[in-house]
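So you can see what is in the structure, the chains are spelled out below.
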Amino acid sequence: MDLPPGVVYLSRELPLTLLPSALTYVFLNRLLPLLSGLELPLSARVGAAIIAQPLGIVISYIFREIRYTRDATSRGAAHIPAVPSKKWGGLSLIEEMRKSVYPADFLLDWMEVYGNTVVAKVLGDYAIFTTEPEYIKAILATDFDSWWKGPDAHLVGKSLLGSGMLFHRTMSRPFFSRERISDFDLFDRHSNDALTRLGQRLSEGYAVDIQDLVSRFTLDSATEFLFGKSVDSISAGLPYPSSSSHSNSNFNSTHPSNTYVKAFVQAQLLTTKRVAYSSKWPLFEFWRDRVKPMRRVCDDYVRGILEEAVERKRGRGREGDGTGIEEKEEENQETFLSHLVEATEDKEVIMDSIFNILVAGRDTTAATLTFAVYMLADHPDMADRLRKEVLEVVGSARMPTYDDVRGMKFLRAFINETLRLYPPVPFDSRTSKTATVWPALKPGDKPLYVTPNSRVRYCVFLMHRRKDLWGPDALEFDPDRFLDDRVRKYLTPNPFIFLPFNAGPRICLGQQFAYNEASFFLIRLLQKFASFTLAPDAQPESTRPPESWKHAKGTQATEKIMLERHLTMFAKGGLWVRMKAVATEQE
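In every chain, residue numbers begin from 1 and rise along the written sequence. Confidence filtering applies because this is a predicted model: local features only for residues at pLDDT of at least 70, side-chain atom pairs given and counted only at 80 or more, and all residues used for totals across whole chains, interfaces and linings. Side-chain numbers here rest on the full set of heavy atoms in the structure, without hydrogens or water.

### Focus on the sheet that holds strand 3 (residues 125–130)
In step 1: On the basis of which strands lie adjacent, the open sheet formed by five strands has the order 2-3-9-6-4 and mixed pairing. Every interior strand has two partners, whereas the edge strands, strand 2 (117–122) and strand 4 (147–148), have only one.
In step 2: Summarising the sheet, strand 4 and strand 6 (residues 427–432) pair through two bridges and their orientation is antiparallel. Among the inter-strand pairings, W147 is bridged to a residue of strand 6, identified as S432.
In step 3: We call two residues contacting when some pair of their heavy atoms lies within 4.5 Å. Whenever a helix is involved, its axis is fitted only over the stretch in contact; in every case the axis is a line through C-alpha atoms, and angles between N-to-C directions fall within 0 to 180 degrees. Here a helix means four or more residues in a row that DSSP labels H or I, a strand means two or more in a row labelled E, and each is numbered from the N terminus. Helix-sheet contacts for helix 4 (residues 91–98) involve strand 2 and strand 3, and the interaxial angle to strand 2 is about 115°.
In step 4: Where helix 6 (residues 133–142) meets the sheet, it contacts strand 2, strand 3, strand 4, strand 6 and strand 9 (455–459), and its direction lies at approximately 120° from that of strand 9. Two strands pair if DSSP finds at least two bridges between them.

### A short note on the packing of aromatic side chains
Aromatic rings in a pair are described by how distant their centres are and how their planes are angled relative to each other.
In step 1: Aromatic rings from Phe, Tyr and Trp, with only the six-membered ring used for Trp, were paired whenever their centres fell within 6.5 Å, and each pair was classed as stacked if the ring planes differed by under 30 degrees, edge-to-face if by over 60, and tilted otherwise. Under the criterion given, the structure shown has 28 aromatic pairs.
In step 2: Relative to W549, the ring of Y102 lies with its centre 5.6 Å away and its plane at 85°, an arrangement referred to as edge-to-face. Of the two residues, Y102 is situated in the loop between helix 4 and helix 5 (105–114) and W549 in the loop between strand 10 (529–534) and strand 11 (563–565); the sequence distance between them amounts to 447 residues. The burial state of Y102 is the same as that of W549; both residues are buried.
In step 3: Ring plane angle 55° and centroid distance 5.3 Å describe the contact between F501 and Y515, whose orientation is recorded as tilted. A residue pair is termed long-range when its members are at least 10 positions apart, and F501 in the loop between helix 22 (486–491) and helix 23 (511–528) and Y515 in helix 23 qualify at 14 residues.
In step 4: Taking the ring centre of Y240 as reference, the NZ or CZ of R201 above it sits at 3.6 Å.
In step 5: If you follow R420 out to its NZ or CZ, it ends over the ring of W470, 5.2 Å from the centre. The rule is simple: take the accessible area with a 1.4 Å probe, protein chains only, and divide by the maximum for that residue type; under 20% is buried, over 50% is exposed, in between is partly exposed. Throughout this description, the term charge over a ring refers to an Arg CZ or Lys NZ atom that lies within 6 Å of the ring centre and within 35 degrees of the ring normal.

### Describing the pattern of salt bridges
In step 1: Take a side-chain nitrogen of Lys or Arg and a carboxyl oxygen of Asp or Glu: if they are within 4 Å of each other, that pair is a salt bridge. Tallied over the full model, the rule gives 31 salt bridges.
In step 2: The residue K553 makes a salt bridge to E112 at a minimum N-O spacing of 2.8 Å. Residue K553 is located in the loop between strand 10 and strand 11, and its partner E112 is located in helix 5; the two are separated by 441 residues in the primary sequence.
In step 3: Here E112 falls in the exposed class, since its relative accessible area comes to 51%.

### A few points about the pairing of strand 13 (residues 576–581)
In step 1: Note that strand 5 (residues 208–209) and strand 13 share two bridges and pair antiparallel. Looking at the pairing, V208 lines up with V577 of strand 13.
In step 2: Here four bridges tie strand 10 to strand 13, and the two strands are oriented antiparallel to one another. Of the residues in strand 13, the one forming a bridge with A530 is K580.

### With respect to the UniProt feature "binding site: heme" (unreviewed entry) in the protein chain
In step 1: Here the UniProt feature "binding site: heme" (unreviewed entry) sits at C508.
In step 2: Checked against the element boundaries, C508 lands in the loop between helix 22 and helix 23. UniProt positions are given in the numbering used here, feature names are shortened, and annotations may be inferred rather than shown by experiment.

### Focus on the packing of helix 16 (residues 347–378) against helix 19 (residues 409–421)
In step 1: It is at 9 Å that the axes of helix 16 and helix 19 come closest, and there the two elements cross at 105°. When the interaxial angle is binned, helix 16 and helix 19 end up roughly perpendicular. Contacts between helix 16 and helix 19 involve T368, F371, A372, M375 and L376 from the former and F414, I415, T418 and L419 from the latter.
In step 2: Its residues placed into classes, the contact of helix 16 with helix 19 shows seven nonpolar, two polar and no charged. Here the angle decides the label: under 35 degrees means roughly parallel, over 145 means roughly antiparallel, 65 to 115 means roughly perpendicular, and every other value means oblique. Charged means Asp, Glu, Lys or Arg here, nonpolar means Ala, Val, Leu, Ile, Met, Phe, Trp, Tyr, Cys or Pro, and polar covers whatever is left, Gly included.

### Structural notes on helix 3 (residues 42–74)
In step 1: With 33 residues, helix 3 ought to run about 48 Å at 1.5 Å a step, and its terminal C-alpha atoms sit 47 Å apart, in line with that.
In step 2: The largest bend in helix 3 comes to about 30°, at Q53, with the proline P54 one to four residues further on.
In step 3: Listed as buried for helix 3 are R45, A49, A52, Q53, R64, E65, Y68 and A72.
In step 4: Residue G76 follows helix 3 closely and has a positive phi angle near 70°. For a helix, the expected span equals 1.5 Å multiplied by the residue count minus one. Here the bend at a residue means the angle between the axes of two seven-residue stretches, the one that ends at it and the one that starts at it.

### Some remarks on helix 16
What sets the pattern is the α-helix's 3.6 residues per turn: residues three or four places apart point alike.
In step 1: With 32 residues, helix 16 extends 45 Å between its outermost C-alpha atoms, agreeing within 8% with the 46 Å of an ideal straight helix rising 1.5 Å per residue.
In step 2: Most of helix 16 is tucked away: 27 of the 32 residues are buried.

### Let's talk about the confidence of the model for the protein chain
In regions of low pLDDT, the predicted coordinates are not meant to be interpreted in detail.
In step 1: Here the protein chain averages 85 in pLDDT, while 91% of its residues score no lower than 70.
In step 2: pLDDT measures how confident the predictor is about each residue, on a scale from 0 to 100. Least confident of the elements in the protein chain is helix 14 (residues 325–332), whose mean pLDDT is 48; most confident is helix 19, at 98.
In step 3: Across residues 324–332, confidence stays below pLDDT 50; counting only partners more than four residues off in sequence or on other chains, it has five contacts.

### Description of unusual backbone geometry
In step 1: In this structure, A104 takes a positive phi of about 65° despite not being glycine.
In step 2: You can see A104 is positioned in the loop between helix 4 and helix 5.
In step 3: Its identity as a non-glycine residue notwithstanding, S531 has a phi of 55°, on the positive side.
In step 4: Topologically, S531 is positioned in strand 10.

### Side note on the sheet that holds strand 8 (residues 448–450)
In step 1: Reading across from one edge, 1-8-7 is the order of the three strands in this open sheet, with mixed pairing throughout. Of all the strands in the sheet, just strand 1 (78–79) and strand 7 (436–438) have a single pairing partner and so form its edges.
In step 2: Pairing analysis gives two bridges linking strand 1 to strand 8, with the strands arranged parallel. Following the sheet pairing, A78 is matched in strand 8 by L448.

### Some words on the environment of F355
In step 1: Structurally, F355 is set in helix 16.
In step 2: Take F355: its relative accessible area is 3%, and that puts it in the buried class.
In step 3: Considering only alpha carbons, one finds F355 and D299, 56 residues apart in sequence, at a separation of 7.8 Å.
In step 4: F355 has contacts with L160, L161, F264, R295 and C298, leaving out every residue within four places of it along the chain.

### What about the nonpolar core?
In step 1: Formed by 150 residues in total, the largest nonpolar core has its most connected members in L107, W110, F129, L337, W438 and L525.
In step 2: The element best represented in this core is helix 16, accounting for 17 residues. For the purposes of this section, nonpolar cores are sets of buried Ala, Val, Leu, Ile, Met, Phe, Trp, Tyr and Cys residues that join through side-chain atoms within 4.5 Å.

### Observations concerning the packing of helix 7 (residues 151–161) against helix 12 (residues 256–275)
In step 1: Packing of helix 7 against helix 12 brings their axes to within 9 Å, and their N-to-C directions diverge by 170°. The angle between helix 7 and helix 12 places the two elements in the roughly antiparallel class. Together, L155, V156, G157, S159 and L160 of helix 7 and A267, Q268, T271, R274 and V275 of helix 12 make up the contact between the two elements.
In step 2: Residue composition of the contact of helix 7 with helix 12, by class: five nonpolar, four polar and one charged.

Set out below in structure tokens:
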């Protein structure tokens, strides 16, 4: 039985926290009478001991600030501008982060006043935020060894992600070779299933939640690619709009895949809420870890596939070490899961690895496809142009090949522009191992001093929308920026302004897989459908942008859906759309 998170936290932190009070009481109760013969009243001893604890925190904080200031001065650096808090301990800053209704809206407000790199001092911790590509480059590449995920990130995410990935990246890389990531037959099977369901629902006269559809497509594709067997989530059917009078009889809400997805999403949302509290999150989930039950539901969903893989390994061991035809066939069909099972039979470790890679394999590509369709519906001229390229290169029915996808320049630019404005992972973070200095970006400015053991959250979402980095039209959706002179003007001299897949040694291994999967699905979609439109009447009322958004800053004022994020970004309430089926000719 697990102890409550708050109890575990206090048992770890209280001994050191109460040390000043304990030492003060021992000194006044034992040593002072012995050394001076002075014996204070009990109330005075207890009062002094109680005061010693907060006084110790204050003195420790002051000395730490003095030490940091001296170190910064010796390096010729300045402190990062701090966002002031209206409440003690930075509690008002926590409130601003938690009340955020649009990705990074709180950070946009802060940076308009204090610059593109700021620090929020929350409950004694330093939370640094930046949208500067030069600093993000240092974190991810040029000063890579000075940064790590950090203990706070591990504690916040442990209930969800466990011990993380079993394999080192070099061991995982073979599973993302060109041959494996170009298995378009796999994409074709699952896209056909998804698009068939899409066509059937549209023929009934209902709008479709494209986010739900593509999430099933990416989940089924990812599980077959990684485990050799799809979980067939599309078999649950598609939901009807909540505004319809339909009974949802064709949608199985208790289907295992739906139970899994609900737990999967809820676990990520709950984990994201912890981020504002950093290492102090157990105090706000004192008696019960709210994420673990969700994670157990997710594990139960894939447990059967894991048991089969473990049993196959044991079966091979019982049959001996021969190299017969069946064994050679299995070697050729080796999957990520079988490789995991060969490395260890520790099911908890394997489950952690499975969950981590499913977050990447399902959510990021699903987000890309969701927002790509959002842009198709919001920019019909772009949709027509993209469909024209699909028909010219691939035709109306043929399955696209790897070379087809490589040659479709506008398709790649369309996906890149979607990733620029709607990056699947709007925030990421690293923690400084030691104190470091970031270079001055303008003549006359001082370098910035980064305190040791400080978590830096870099916001790709805002960086991708900065007009000084992308030009005056940075807030506009325009795929041609990845095809015309703007590439040479902005992106080529500063490639770190575009980071949908991270960069440096930690660049996403599945980057090309995601591009191939998203490209393939969009081609198949555009072969069969046209005239994409949003369906606000089908969108749940509570997830439609309120009137107040029209007066907000930036693209929030023009959004037609509400954006939300957990580990990845998604459309709140789904993305409900309509489209028209088009006749296809068999080729």
